[in-house]
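# Working through the structure, step by step
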Amino acid sequence: MKCTRRTLLVGGTTAAACLLAPLRLGAAEPELGDNGLHVQDWFVETFLDLQEDLGDAAANGKHFAVLWEQRGCPYCRELHAANLSRQKIVSYLQENFDILQLDLWGSRSVTDFDGEELEERALARKWQINFTPTIVFFPMDTAAMEGKAGRAGEVARMPGYFKPFPFATMFEYVRGGEYRSQSFQRYLQDKLTRWEAEGKAADVW
């Protein structure tokens, strides 16, 4: 399967496969922590009370997102090696998002937005996290999440590995509040169409 800008513009299952496919190019090996998850020193470290974490992010004018990973996940490696090695992407994320990394099989205690305290692995089941990496995004309005489980209040979800261009575009989509009025696929297609009309070369892959 050949993935091009035209593939994304057409949409459908082929476009979805391109969004989720891992890179085949060699990349620098990202650092691993003691828990087997990849390390980014700018990920937030918190007491794992998600309503408090959301409030802290909102107070700083940022969106809050939860990144689910697991030990030995090749797609997680691609995320860190290919996407989070790009300074332009990282700078945008640092400026606009607080990202909390959780372990799909972890045993740390996390308090969901609805007040329920669960181990990471139990919270993953509650939120229906089926594979990694998965990124779940939440609104900046803390009141909108009060009493809700994360699954009920999330505004967008990145279900699996996205290559750098759609990955960065998803964060832009959430930051701009576009999830309120259109699907991510439509937003991505419109952006590519606009760039082509302006003669810009999108660094899709």
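Look a little higher up for the structure.
Predicted model, so just to flag it, every value in this text is computed and none were measured.

Calculation criteria
- Residues numbered from 1 in each chain as written.
- Predicted model: local features only at pLDDT ≥ 70, side-chain atom pairs only at ≥ 80, totals over all residues.
- Heavy atoms only, no water.
- 1 Å grid on protein atoms, 1.4 Å probe; cavity = no way out; pocket = protein on both sides within 12 Å on 5 of 7 lines; lining within 4 Å.
- Points joined across faces, edges and corners; volume = space filled by probe spheres on them.
- Helix = DSSP H or I, 4+ residues; strand = E, 2+ residues; numbered from the N terminus.
- Buried < 20%, exposed > 50% of the residue type's maximum accessible area, 1.4 Å probe, protein only.
- Arc of directions from axis to C-beta.
- Contact = heavy atoms within 4.5 Å.
- Polar contact = N/O pair within 3.5 Å; in protein donor to acceptor, adjacent residues only side chain to side chain.
- Core = buried A, V, L, I, M, F, W, Y, C linked by side-chain atoms within 4.5 Å.

## Let's talk about the layout of surface pockets
Empty space within the second largest pocket amounts to approximately 250 Å³. If you go around the second largest pocket, you meet 18 residues; those closest to its centre are Asn35, His38, Phe43, Glu45 and Gln101. Ranked by residues supplied to the lining of the second largest pocket, first place goes to strand β2 (residues 97-103) with four residues.

## Focus: helix α5 (residues 87-96)
The complete set of buried residues in α5 reads Ile89, Val90, Leu93 and Asn96. Looking straight down α5, one finds its buried side chains confined to an arc of 150°; they lie on one side. For α5, the exposed residues lying more than 90 degrees away from the buried face are Gln87, Lys88 and Glu95. Residues of α5 that are buried in the fold lie against β1 (63-69), α4 (74-83), β2 and α8 (164-175).

## What to know about the side chain of glutamine 101
Looking at where glutamine 101 falls in the secondary structure, it is placed in strand β2. For glutamine 101, the side chain forms a polar contact with the side chain of glutamate 69, separated by 2.8 Å. Setting aside its immediate chain neighbours within four residues, glutamine 101 contacts Leu37, His38, Phe43, Leu67, Glu69, His80 and Arg108.

## Here's the deal with the nonpolar core
Judged by nonpolar contacts, the single largest core of 29 residues is most densely connected at Ile99, Phe137, Phe167, Met170 and Phe171. When contributions to this core are tallied by element, the ones reaching two or more residues are β1, α4, α5, β2, β5 (134-138), β6 (156-159), α8 and α9 (184-197). Among the elements that make up this core, the one with the highest residue count is α8 (six residues). If we skip the residues at most four places from it in the chain, phenylalanine 167 touches Leu79, Asn83, Leu84, Ile89, Leu93, Ile135, Met158 and Phe162.

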